[in-house]
Amino acid sequence: MKNSLSFLLVLVLCCALTACGGGRSAASGGVPSAPAASQPEETPGSSQPQEPPDTSAPADTPETTEPAGNAGNGVLIVYFAYGENAPLSDDVDASTSASIQLRTDGTLTGNTGLVADMIAEATGGELFSILTAEQYPDNYNDTIDVGQTEKGANARPELISHIDNLDSYDTVFLGFPNWWGDMPMAVYSFLDEYDLGGKTIIPFVTSGGSGFSGTIQAIENAEPDAAVLEGLSLRDSRSPQAADDVTDWLARLGLAG
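Criteria and cut-off values
Residues numbered from 1 in each chain as written. Predicted model: local features only at pLDDT ≥ 70, side-chain atom pairs only at ≥ 80, totals over all residues. Heavy atoms only, no water. Helix = DSSP H or I, 4+ residues; strand = E, 2+ residues; numbered from the N terminus. Contact = heavy atoms within 4.5 Å. Areas by Shrake-Rupley, 256 points an atom, 1.4 Å probe, with all protein chains shown as cover. 1 Å grid on protein atoms, 1.4 Å probe; cavity = no way out; pocket = protein on both sides within 12 Å on 5 of 7 lines; lining within 4 Å. Points joined across faces, edges and corners; volume = space filled by probe spheres on them. Nonpolar A, V, L, I, M, F, W, Y, C, P; charged D, E, K, R; others polar. Salt bridge = Lys/Arg side-chain N within 4 Å of Asp/Glu carboxyl O. Buried < 20%, exposed > 50% of the residue type's maximum accessible area, 1.4 Å probe, protein only. Polar contact = N/O pair within 3.5 Å; in protein donor to acceptor, adjacent residues only side chain to side chain. pLDDT = per-residue confidence, 0-100. Pairing = 2+ DSSP bridges. Right-handed = clockwise from strand over helix to strand, strands pointing away. Axes fitted to C-alpha atoms, helices over the stretch in contact; angles between N-to-C directions. Parallel < 35°, antiparallel > 145°, perpendicular 65-115°, else oblique. Left-handed = near helix turned anticlockwise from the far one by under 90°.

Chemist: Explain the overall build of the protein chain to me, using residue names and the numbers behind them.
Modeler: Within the protein chain, the secondary structure is distributed over six helices and eight strands. Each helix and strand of the protein chain, ordered N terminal to C terminal, gives the series α-β-β-β-α-β-α-β-α-β-α-β-β-α. Of the contacts made within the protein chain by residues no fewer than 6 positions apart, 79% connect residues no fewer than 24 positions apart. For the protein chain, the exposed surface amounts to about 15,600 Å²; the carbon and sulfur share of it is 53%.

In structure tokens form, the structure reads like this:
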């Protein structure tokens, strides 16, 4: 009986030990694969580094250039006018003198200045007024006397107006009144100051009836390397109404705008 009881106790003990060993094996056997670690949730923009701000220069824009001094498209209208070289008052009555003219903008000029304006309007050229350091008398009769004295002395009056960009012009109109059968000496000062060689000179004159006299030859002598074309001669009294004459003349030269 004791033997049977002992056998039963041993059998129960073995079963208990077997059960305990199986539990340890399940717990400590091969480590079960852990569930895949969950990836941290991406925040917007965290997957790729953000690009740095674009600090490069913006795309080039077309450059704008200031207009060169040759607003006249290579055409310069040089002229001498008594009304711009005398100390005339702003309220002078231009109608009382055939030598003084009033521009549409209210400034004073002379017959030659009016014609110069017409040429500039027709060609798109740029105006240049020959101005003397010492002004002429405020009445035309005394001015003519001064002009005669200057001519006799072959004087060269000092000029206070100058051209900085002469190379910009290929065609130079040259206008003046006829003083004592000649150009005013201030025009000779201009021709002495500038070399117009290689350019085209186109003269125009206003006079009481003498026209160019010997001035074309004088221009050719002063500027032997320039081409001197057909000029325009107008009577003083005709100057204010000379627009048609100017247009026809420019058309003959092929220079009408």
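Chemist: Break down empty space enclosed by the protein for me, citing the residues and quoting the values.
Modeler: Counted under the stated rule, the structure contains one cavity of 30 Å³ or more. Approximately 30 Å³ is the volume found for the largest cavity. Forming the walls of the largest cavity are Gly147, Glu150, Lys151, Trp179, Trp180, Met183, Pro184 and Met185. Classifying every residue of the lining of the largest cavity by side-chain character gives five nonpolar, one polar and two charged.

Chemist: Please give an account of the pattern of salt bridges that cites residues and values.
Modeler: Evaluated as defined, the whole model comprises six salt bridges. Among the ionic pairs, Glu230 bridges to Arg252, the shortest N-O distance being 3.2 Å. Residue Glu230 is found in the loop between strand 7 (227-228) and strand 8 (232-235), and its partner Arg252 is found in helix 6 (residues 243-253); the two are separated by 22 residues along the sequence. Here Glu230 falls in the partly exposed class, since its relative accessible area comes to 40%. What makes Arg252 exposed here is its relative accessible area of 54%. Among the charged side chains, a salt-bridge network with shared partners connects Glu84, Arg103 and Asp117.

Chemist: Talk me through the side chain of Gln101; I want residue IDs and the actual numbers.
Modeler: In this fold, Gln101 is placed in strand 2 (residues 101-102). Within the local environment of Gln101, its side chain forms a polar contact with the side chain of Asn111, the two groups lying 2.8 Å apart.

Chemist: Please give an account of unusual backbone geometry that cites residues and values.
Modeler: Note: most residues except glycine have negative phi, and most peptide bonds are trans. The phi angle at Asn154 is positive, at roughly 50 degrees, despite the residue not being glycine. Tracing the backbone shows Asn154 in the loop between helix 3 (140-152) and strand 5 (171-177). With a phi close to 55 degrees, Trp180 is a non-glycine residue in the positive phi region.

Chemist: Run through the confidence of the model for the protein chain, naming residues and quoting values.
Modeler: Per-residue confidence for the protein chain averages 79 on the pLDDT scale, and 69% of its residues sit at or above 70. Below pLDDT 50 for its whole length, residues 1-71 participates in eleven contacts with residues either more than four positions away or in separate chains.

Chemist: Quick one: what's the story with the pairing of strand 6 (residues 200-207), residue by residue and with numbers?
Modeler: For strand 6, the tally of buried residues reaches seven of eight residues, placing the bulk of the element in the interior. Relative to strand 6, strand 5 is paired through seven bridges, and the arrangement is parallel. Along strand 6, the bridge assignment pairs Thr171 with Thr200. Assessed by its sense of winding, the connection that carries the chain from strand 5 through helix 4 (residues 185-193) to strand 6 is right-handed.

Chemist: Account for the packing of helix 2 (residues 111-123) against helix 6, naming residues and giving values.
Modeler: It is the contact of helix 2 with helix 6, at a shortest axis distance of 10 Å, that shows an interaxial angle of 50 degrees. One finds that helix 2 runs oblique with respect to helix 6. For the crossing formed where helix 2 meets helix 6, the hand is right-handed. For the pair helix 2 and helix 6, contact is made by Val115, Met118, Ile119, Ala122 and Thr123 and by Ala243, Val246, Trp249 and Leu250, respectively. Split into classes, the residues belonging to the contact of helix 2 with helix 6 amount to eight nonpolar, one polar and no charged.

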